[in-house]
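# A closer look at the structure
The primary structure of each chain is shown beneath.
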Amino acid sequence: MIIEMRTHKIKPGLRDRFIEVFRAKSIPKQTELGMKVLGPFPSVEDPDIVFIMRGFPDLASRERMKEAFYEGEYWKKELEPILIPMLEKWEVVTVEDDRNVIRW
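In this report, the structure presented in the accompanying data block is examined. Model, not experiment: these values are computed from the prediction.

How each quantity is defined
- Residues numbered from 1 in each chain as written.
- Predicted model: local features only at pLDDT ≥ 70, side-chain atom pairs only at ≥ 80, totals over all residues.
- Heavy atoms only, no water.
- Helix = DSSP H or I, 4+ residues; strand = E, 2+ residues; numbered from the N terminus.
- Expected span 1.5 Å × (residues − 1).
- Buried < 20%, exposed > 50% of the residue type's maximum accessible area, 1.4 Å probe, protein only.
- Arc of directions from axis to C-beta.
- Contact = heavy atoms within 4.5 Å.
- Polar contact = N/O pair within 3.5 Å; in protein donor to acceptor, adjacent residues only side chain to side chain.
- Salt bridge = Lys/Arg side-chain N within 4 Å of Asp/Glu carboxyl O.

### Quick notes on helix α2 (residues 59-70)
- For α2, which comprises 12 residues, the first-to-last C-alpha distance of 16 Å matches the rise-based estimate of 16 Å (1.5 Å per residue) to within 8%.
- Listed in full, the buried residues belonging to α2 are Ser-61, Arg-62, Met-65, Lys-66 and Phe-69. Seen from one end, α2 has its buried residues packed into an arc of 130 degrees, which puts them on one side. Seen from the buried face of α2, the exposed residues on the opposite side, beyond 90 degrees, are Arg-64 and Glu-67.
- For α2, the elements touching its buried residues are β1 (2-10), α1 (15-32), β3 (49-56), α3 (73-83) and β4 (87-96).
- The N-cap of α2, judged by a side-chain oxygen 3.2 Å from the amide nitrogen of Ala-60 a few residues on, is Asp-58.

Below is the structure:
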């Protein structure tokens, strides 16, 4: 399994709203497309950080699923205009869970 470990720095004061929208609108769509999602987890050390993990069967499916999500109308018209303005930055580290340690 391929895992994206995503750290999002949210603009001050918007973390709760970001989490609310992400849980209500983004996770269902990503799950519908076959992605596994854990989080968002709010940082206990920084009030503006959330951590999210996304899982994919392999690199090829990761590319297909991400393209379906980010090139789709739902992202472009519904989510992107709401979520992206809340972000200061984000970082993604992609790893392989070759021992199936993560339990979705």
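Still more ground to cover, so stick around.
### Topic: the side chain of Gln-30
- When you line up the elements, Gln-30 lands in helix α1.
- Under the relative-accessibility criterion, Gln-30 is labelled buried at 1%.
- Setting aside its immediate chain neighbours within four residues, Gln-30 contacts Phe-22, Met-35, Val-37, Arg-54 and Phe-69.

### Quick word on the environment of Gly-55
- Here Gly-55 lies in strand β3.
- Assessed through its relative accessible area of 1%, Gly-55 is described here as buried.
- Remark: the alpha-carbon pair of Gly-55 and Lys-9, spanning 46 residues in sequence, is separated by 21 Å.
- Filtering out sequence-adjacent residues up to four positions away, Gly-55 remains in contact with Met-1, Ile-2, Ile-3, Gly-34, Met-35, Lys-36 and Trp-104.

### Thoughts on the environment of Ser-43
- Along the polypeptide, Ser-43 turns up in the loop between β2 (36-42) and β3.
- When the C-alpha positions of Ser-43 and Thr-7 are compared, they lie 9.6 Å apart, and in sequence the two are 36 residues distant.
- Residues in contact with Ser-43, not counting those within four places in the same chain, are Arg-15 and Ile-49.

### Examining the pattern of salt bridges
- Following the criterion strictly, the structure yields 11 salt bridges and no others.
- Ionic pairing is found between Arg-54 and Glu-4, a salt bridge with its closest N-O pair at 2.8 Å. Here Glu-4 lies in strand β1 and Arg-54 lies in strand β3, a separation of 50 residues in the sequence. As far as burial versus exposure is concerned, Arg-54 and Glu-4 are alike and both buried.
- The network of salt bridges with common partners includes Glu-4, Arg-6, Arg-54, Arg-62, Glu-63 and Lys-66.

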